[in-house]
Amino acid sequence: MGLMLMFGLLASVYFRSVNAAPGETGLAAIGFLQTGSFSNPYLLPTGPTAHVSPLPTGLVAAIYAMASGNSPLARAVLSIVCLAAYGLNTVMVLAFCRSQGLGPTARAVALVATCLVPAQLLPSIIEYRQWDQPFAALILTAGLLVCSAPARPHGVFRRPDIAMALLAGAAFLTSPSIVPAMMVGLILVIWQTRGGSHWLSMMIRCGLIMTVMVVPWGLRNQADLGKFILTRSNFGLELAVGNNDLATGYSPLDTTIHPHDSQAAAERVATIGEVAYMGEMSAKAIAWIKANPYEFTRLTLIRTRLLLLPPLAFGGWLPVVGTLAGGLLLMTLTTLKWIGIGRALLRRDRIVLWLAFCLLPIAPYAITHVSARYLYPVFFTSLCLCCSVVDGLARLRPNRITRKNTLPAR
């Protein structure tokens, strides 16, 4: 792990000028520094926005404030922050193996996939450094760790219900895609740790924690945008970008309607406002889907295949070997994951847990569009499932007969 972190640190500095565009998150962070409100994430100044999530945008804004904007230093610092998130995810995968009593073979698989062949490391610290996926993965893995052993007070989180409420609140403020999984996890924790009448007090306590964390963001959006939005405002836009005559199922797609890439679209947002524009995009997408049901079905099947059986190109990249090692690793982990899902279904054991943390976060992309970035949040939770499968296969080996067992009884 130390070698992996050193490699990531060097890459953070070396690739500081790669992926220099700030993207919507970076532009909104710059808008926050200039206006005091998350704003202007598009080509033109368009005013307040809920297109981005507040926690990642606030982090980017803080780094920009200390490093003179979107500078090479700021990008290097962002990469180092994402490197820390990657390292914490790795630690939590190993903590999962320990909490579940998995053997050395499973831990070896975890270290190979994260440290020895770190094909997902460079994408996470360079391509995704201004997005929410590195932090969404961190929240999701932490949630799985809590849910997998909620009754152990000596574990990483001593109060699993409070921990899950905090993580679910952070999910609302970080990435909408992981919110359903975290809510399912919260329900599982309350169900598994219930006792007598305590479940009601646990639900009230968790509800209050999430309300305090999330409602201020919704009130801000109501005041600045005229709509109470608890996560982000851009689902209608993503639906329209992924469902049109030029769509293929992959990202990137037709960007003529995206205000970050299209001058005309940005002017339209500036004229009617972000909420109204997102409403127009949602209506446009729904109209296209109704007019082209066969094509929408075909695209949905393509996107589902990309999500469930991702291509080798989604496996990440490493110097010298390129995408080969990452693609082979992805193929192996995908096979193990589906063995684990099948085993859970047959045994009716933890199937809700694995479906929630390995598949539910990527489900919305089946009707929008798919890229490797959207699959990253479930990389570490899926690795936990793979480690469980490998441990189960390792325990199937017959025990070796030792010399001690063959000695005659005296």
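In the block above lies the structure referred to throughout.
Residues numbered from 1 in each chain as written. Predicted model: local features only at pLDDT ≥ 70, side-chain atom pairs only at ≥ 80, totals over all residues. Heavy atoms only, no water.

Thoughts on the pattern of salt bridges
Thought 1: Applying the stated criterion across every chain yields a total of seven salt bridges.
Thought 2: Where Asp132 meets Arg232, a salt bridge forms, and the shortest distance between an N and an O atom there is 3.2 Å. Highlighted residues: Asp132 in the loop between helix 6 (121-127) and helix 7 (133-148) and Arg232 in the loop between helix 10 (198-225) and helix 11 (235-242), separated in sequence by 100 residues.
Thought 3: We note a salt bridge from Asp224 to Arg220, for which the minimum N-O separation is 3.3 Å. You can see Asp224 and its partner Arg220 sitting in helix 10, four residues apart, about one turn around the helix.
Thought 4: Classification of Asp224 as partly exposed rests on a relative accessible area of 38%.
Thought 5: The exposure class assigned to Arg220 is buried, which follows from its relative accessible area of 16%. (Salt bridge = Lys/Arg side-chain N within 4 Å of Asp/Glu carboxyl O. Helix = DSSP H or I, 4+ residues; strand = E, 2+ residues; numbered from the N terminus. Buried < 20%, exposed > 50% of the residue type's maximum accessible area, 1.4 Å probe, protein only.)

Some details on a nonpolar patch on the surface
Thought 1: A contiguous nonpolar surface patch, about 510 Å² in accessible area, is contributed by Trp199, Leu200, Met203, Ile204 and Leu208.
Thought 2: Position of Trp199 relative to the elements: it lies in helix 10.
Thought 3: Trp199 sits in the partly exposed class, given a relative accessible area of 41%. (Patch = residues over 30% accessible without salt bridge, like charges linked within 9 Å, V, L, I, M, F, W, Y side chains within 5 Å. Areas by Shrake-Rupley, 256 points an atom, 1.4 Å probe, with all protein chains shown as cover.)

Quick notes on the environment of Pro180
Thought 1: Considering the arrangement of structural elements, one finds Pro180 in helix 9 (residues 179-192).
Thought 2: Since its relative accessible area comes to 36%, Pro180 is described here as partly exposed.
Thought 3: Sequence separation between Pro180 and Thr248 is 68 residues; the distance between their C-alpha atoms is 27 Å.

A word on empty space enclosed by the protein
Thought 1: Applying the stated criterion across every chain yields a total of four cavities of 30 Å³ or more.
Thought 2: Computed from the structure, the largest cavity encloses a volume of approximately 230 Å³.
Thought 3: Going through the elements one at a time, helix 15 (324-347), helix 17 (372-375) and helix 18 (379-394) are the ones with two or more residues in the lining of the largest cavity.
Thought 4: Considered class by class, the residues forming the lining of the largest cavity number twelve nonpolar, three polar and one charged. (1 Å grid on protein atoms, 1.4 Å probe; cavity = no way out; pocket = protein on both sides within 12 Å on 5 of 7 lines; lining within 4 Å. Points joined across faces, edges and corners; volume = space filled by probe spheres on them. Nonpolar A, V, L, I, M, F, W, Y, C, P; charged D, E, K, R; others polar.)

Some words on the state of the cysteines
Thought 1: Counted by the stated rule, this structure contains zero disulfides.
Thought 2: Cys115 carries a free sulfur, and the closest cysteine sulfur to it, the one in Cys387, is 12 Å from it.
Thought 3: The cysteine Cys384 is free of any disulfide, with Cys387 supplying the nearest cysteine sulfur at 6.3 Å.
Thought 4: On the accessibility criterion, Cys384 (1% relative accessible area) is buried. (Disulfide = S-S within 2.5 Å.)

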